[in-house]
Amino acid sequence: VEPVTRLLERIGRPERGLSVLHVAGSKGKGSTALFAEAVLAAAGERVGTFTSPHLEHWTERFRIGGREVAAPDLADVLTRLRPHVEALLHDPDAPDPSFFDATTAAAFLLFREAGVERAVVEVGLGGRLDSTNVVEPAVACITSIELEHTDRLGATLEAIAGEKAGIVKPGRPVVTGSLPEEAARVV
């Protein structure tokens, strides 16, 4: 998470101050994120939601107040973010930020500028090393664990559970779906 952390530092750490529900898992992350968004909105909260991947439009990844962020608003944030990404790409002492690092930073910047206080943030891949794992979540959620992305996450349910559980922070509540016993022990 060092590349995204360095990028976020350059733009004033917009993820800080957000009350975050951080969602990881093998399946059901997107559905869980949108369900949580709806529950929080029904409770009167102004919610920002960051999910991936998108189905039809890239702007689907970014939602504020239950609506997809307008393309011009996203383009504006990305235009302002670009010089920071380029500076890090040209810094030999800094790790290069990835596409997902920049996307994650854009989401947090959009949320800060929209006055979002509650955010639902879906992990991109795994959890422990994911760009979104810079947040201090109010609640972490692990929806499910099964064999997936074994080339990156490990070849066993235990290994994959360890990667997903990387979003869990000390003293913060964790909600899980029904997990296989060997995965649940790790989480």
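Computed from a predicted model, the values in this text were never measured in an experiment.

Visitor: Could you clarify how one ought to interpret the packing of helix H1 (residues 2-10) against helix H3 (residues 71-89) in this entry?
Guide: The angle between the axes and the distance between the axes are what describe a pair of packed helices. Two elements in contact, H1 and H3, have axes separated by 10 Å at closest approach and are oriented at 130 degrees. Of the possible angle classes, the one that applies to H1 and H3 is oblique. Crossing handedness for the pair H1 and H3: right-handed. Where H1 approaches H3, its residues Pro3, Arg6, Leu7 and Arg10 are matched on the opposing element by Leu81, His84, Val85, Ala87 and Leu88. Partitioned by chemical class, the residues of the contact of H1 with H3 number six nonpolar, one polar and two charged.

Visitor: What am I meant to see in the sheet that holds strand S7 (residues 174-176) here?
Guide: Strand pairing in a sheet relies on backbone hydrogen bonds. The paired strands run either parallel or antiparallel. Across the sheet, which stays open at both edges, the seven strands sit in the order S4-S3-S2-S5-S1-S6-S7 with mixed pairing between neighbours. The strands lining the two open edges of the sheet, one partner per strand, are strand S4 (67-68) and S7. Two strands pair when backbone bridges link them, and strand S3 (residues 62-64) and S4 are joined in this way by two bridges, in the antiparallel orientation. Along S4, the bridge assignment pairs isoleucine 64 with arginine 67.

Visitor: Hey, could you run me through the side chain of threonine 143 in this one?
Guide: For threonine 143, the location among the structural elements is in the loop between strand S6 (139-142) and helix H5 (150-153). Within the local environment of threonine 143, its side chain forms a polar contact with the backbone oxygen of lysine 27, the two atoms lying 2.6 Å apart. Setting aside chain neighbours within four positions, we find threonine 143 in contact with Val23, Ala24, Gly25, Ser26, Lys27, Gly28, Lys29, Thr32, Gly177, Ser178 and Leu179.

Visitor: How do you make sense of the pairing of strand S2 (residues 47-50) when you look at a structure like this?
Guide: Here is the key point about a regular strand: its side chains alternate between the two faces of the sheet. Here S2 shows two buried faces, one formed by Val47 and Thr49 and the other by Gly48 and Phe50. Note: S2 against strand S5 (residues 118-122), four bridges, orientation parallel. Counted as the bridge partner of threonine 49 is valine 120 from S5. The sheet contact formed by S2 and S3 spans three bridges and is antiparallel. In the sheet register, threonine 49 faces S3, and the bridge partner there is arginine 63.

Calculation notes
- Residues numbered from 1 in each chain as written.
- Predicted model: local features only at pLDDT ≥ 70, side-chain atom pairs only at ≥ 80, totals over all residues.
- Heavy atoms only, no water.
- Axes fitted to C-alpha atoms, helices over the stretch in contact; angles between N-to-C directions.
- Helix = DSSP H or I, 4+ residues; strand = E, 2+ residues; numbered from the N terminus.
- Parallel < 35°, antiparallel > 145°, perpendicular 65-115°, else oblique.
- Left-handed = near helix turned anticlockwise from the far one by under 90°.
- Contact = heavy atoms within 4.5 Å.
- Nonpolar A, V, L, I, M, F, W, Y, C, P; charged D, E, K, R; others polar.
- Pairing = 2+ DSSP bridges.
- Polar contact = N/O pair within 3.5 Å; in protein donor to acceptor, adjacent residues only side chain to side chain.
- Buried < 20%, exposed > 50% of the residue type's maximum accessible area, 1.4 Å probe, protein only.

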